[in-house]
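Descriptive structure summary
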Number of protein chains: 2
Amino acid sequence: MSHDQILTRDAILDAAEQVLRRYGPEKTSVVDIAKALNVSHGTLYRHFASKAALREAVTERWLDASISAPLEAIVHRTDGSAADRLRSWMEALIQAKRTYLAQDAEMFAMYTAVTVESVAVIHAHVDHLVRQMAQIVEGGMRSGEFKAGRPEDVARALFSATARFHHPAHAQEWLSGTMDADFEAVWRLLLSGLAA
Amino acid sequence: MSHDQILTRDAILDAAEQVLRRYGPEKTSVVDIAKALNVSHGTLYRHFASKAALREAVTERWLDASISAPLEAIVHRTDGSAADRLRSWMEALIQAKRTYLAQDAEMFAMYTAVTVESVAVIHAHVDHLVRQMAQIVEGGMRSGEFKAGRPEDVARALFSATARFHHPAHAQEWLSGTMDADFEAVWRLLLSGLAA
C-alpha cells in the first residue's frame, strides 16, 4: 500500500493477519505490520494502540467471519422443528471449531490465546452466539415445543453446558474417539430439559 | 529416610510431593527426589520409571485424597431427594476445585498439567467421579424421582455438561462474578431433563 492510499481498518487487519500468520503472535512486532503496509509505525499506532489490540481485532474479525456469520443462516431456517434447528446450529458450531483447529492452526492458536487474555473480545463473541441460539429457543417456546422461560437465559445455559465440545480450552479432547457419543448424551439430556 | 528403611510407595510419593511443591514440576529432577529420600536415583528408578511417572502418581494420590474421597460421603447420604444429593455432590466438587485453585496453587498447577499430558490418570479419576454420580442417579431412577435410563450414561452426561464449572481448563473463568448464576441456569436445565 502506498502512502497516498487511505489506511482503512480492513486494510490494516488484512496486513496484520497476514504477518501474524507468517511469524506467529510472539515474533510479530507492530513494526513488521507497519512495514507490510508501507507506513511508519507511528501512523499504525494512531489506529491501534498496541500489538495486543491488533491481535484482538484480527481475532474478532476472524471469529465473526468464520464462526458467527455462517451460523446466522441456521437461525433463520423455517423448515423442521426448533429442536432440529438448535441441533444443526450446535453441530455447525462444533464442526467449525474442529475444522479450524485442524486446518487453520495459526488462527486457532491466536484465538485460544485471546480467549485467555482478552475477556472483552470473547464475551462479545459469546454474547453474539447466545443471541443467535436465543432466537431459535424463542421460536420453540412460542410454538409450544419448548417449556416457557427466558430464551436468552436458556440459550446461555445451553452454551455453557456444551462448552466441552466447542470451547478451545478443550481442543485436545476433541481428538478422542468418544466426543461424538459424549455430545449425543449431553444433547439428549438438554433436549429432555427443554421439551414442553 | 535411612537406607535401612523399606522404601514404600507412600514414602516415595510423600517425598516427591514435597520436592515438587518446593521446586515446581519443571525444576524438580528425579535426583532431587532421590536425595530427599536419601537413596540413589537408581533405586528410585526401580520404583518409578521417570519424573513424569512420579508426577502422575503424586497427582493421582492428591486427586483421590482431596477430591474423590470427600465426595464419597455425599453418595451415601440417605436424607433428602436424589436431586438434593446430586446438587450437594456437584457443589462440593466445584467448591473443592475453587478452594484448591486458591489455596493449593502448586498442586492445582500440577493437576492442570497432568490433565493435558496424562490422559490415563485423568480418565481413571473422571471414571471414579462418574461412578459416584451414577450411584446417586440410580437411586433417583429407582425411586421414580428421575426418568428411567442408564445411570452411568446419564452421570457421564451430567459431568460433561458441567465441565465449565469443574474442569481446570476453565479455572480462569471461575474468578468471574457470573459463575454461580451460570451454574444455577445449567443446573435447572439439567434437572428439568432428569426429572420424571
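Just so it is clear, the structure is predicted and the values come from calculations on it, not from any experiment.

Definitions and limits used
- Residues numbered from 1 in each chain as written.
- Chains lettered and ligands numbered in written order.
- Predicted model: local features only at pLDDT ≥ 70, side-chain atom pairs only at ≥ 80, totals over all residues.
- Heavy atoms only, no water.
- Contact = heavy atoms within 4.5 Å.
- Buried area = accessible area lost by both parts, 1.4 Å probe.
- Salt bridge = Lys/Arg side-chain N within 4 Å of Asp/Glu carboxyl O.
- Helix = DSSP H or I, 4+ residues; strand = E, 2+ residues; numbered from the N terminus.
- Nonpolar A, V, L, I, M, F, W, Y, C, P; charged D, E, K, R; others polar.
- Phe/Tyr/Trp six-rings, centres within 6.5 Å; stacked < 30°, edge-to-face > 60°.
- Buried < 20%, exposed > 50% of the residue type's maximum accessible area, 1.4 Å probe, protein only.
- Lys NZ or Arg CZ within 6 Å of the ring centre and 35° of its normal.
- UniProt positions renumbered as here; feature names shortened; annotations may be inferred.
- Axes fitted to C-alpha atoms, helices over the stretch in contact; angles between N-to-C directions.
- Parallel < 35°, antiparallel > 145°, perpendicular 65-115°, else oblique.
- Core = buried A, V, L, I, M, F, W, Y, C linked by side-chain atoms within 4.5 Å.

Now for the interface of chain B and chain A. A common way to report how large an interface is uses the accessible area buried once the components associate. With 23 residues of chain B in contact, the opposing surface of chain A contributes 23 residues. Interface area for chain B against chain A, summed over the two sides, is near 1,800 Å², with a carbon-plus-sulfur share of 62%. In this assembly, chain B and chain A are joined by zero salt bridges. Those elements giving two or more residues to the side of chain B that touches chain A turn out to be helix 8 (151-161), helix 9 (163-166) and helix 10 (179-194) of chain B. Per-element accounting of the side of chain B that touches chain A gives the leading share, eight residues, to helix 10 of chain B. A per-class count over the side of chain B that touches chain A returns 12 nonpolar, six polar and five charged.

All names here are of chain A. Scanning all chains against the criterion turns up 12 aromatic pairs over all chains. Considering the side-chain rings of Phe108 and Tyr111, the 5.5 Å spacing of their centres and the 90° angle between planes classify their relative orientation as edge-to-face. Of the two residues, Phe108 and Tyr111 are both situated in helix 6 (residues 105-117); the distance of three residues between them amounts to about one turn of the helix. Note on accessibility: Phe108 and Tyr111 belong to one class, buried. Their ring planes at 25° and their centres at 6.2 Å tell us that Phe183 and Trp187 sit as a pair that is stacked. Here Phe183 pairs with Trp187, and both are found in helix 10 (residues 179-194), just four residues apart, close to one helical turn. What makes Trp187 buried here is its relative accessible area of 6%. The ring of Tyr23 has Arg22 lying over it, and the distance from NZ or CZ to the ring centre is 5.5 Å.

Attention shifts here to the UniProt feature "DNA-binding region" (unreviewed entry) in chain A. Feature annotation in UniProt assigns "DNA-binding region" (unreviewed entry) to the following positions: residues 29-48 of chain A. The distance from the first to the last C-alpha atom of residues 29-48 of chain A is 13 Å, and the span holds 75% helix and 0% strand.

The subject of this paragraph is the packing of helix 1 (residues 9-27) of chain B against helix 6 (residues 105-117) of chain B. Residues and elements named next belong to chain B. Two elements in contact, helix 1 and helix 6, have axes whose closest approach is 10 Å; the angle formed by their N-to-C orientations is 85°. As far as their axial angle goes, helix 6 and helix 1 are roughly perpendicular. For the pair helix 1 and helix 6, the contacting residues are Glu17, Leu20, Arg21 and Pro25 in the first and Glu106, Met107 and Met110 in the second. Partitioning the contact of helix 1 with helix 6 into residue classes produces four nonpolar, no polar and three charged.

As a further point, take the nonpolar core. Ranked by internal contacts, the top residues of the largest apolar core, which has 128 residues, are Trp89(A) and Trp89(B). Setting aside chain neighbours within four positions, we find Trp89(B) in contact with Leu71(B), Ile74(B), Val75(B), Leu129(B), Gln132(B), Met133(B), Ile136(B) and Phe159(B).

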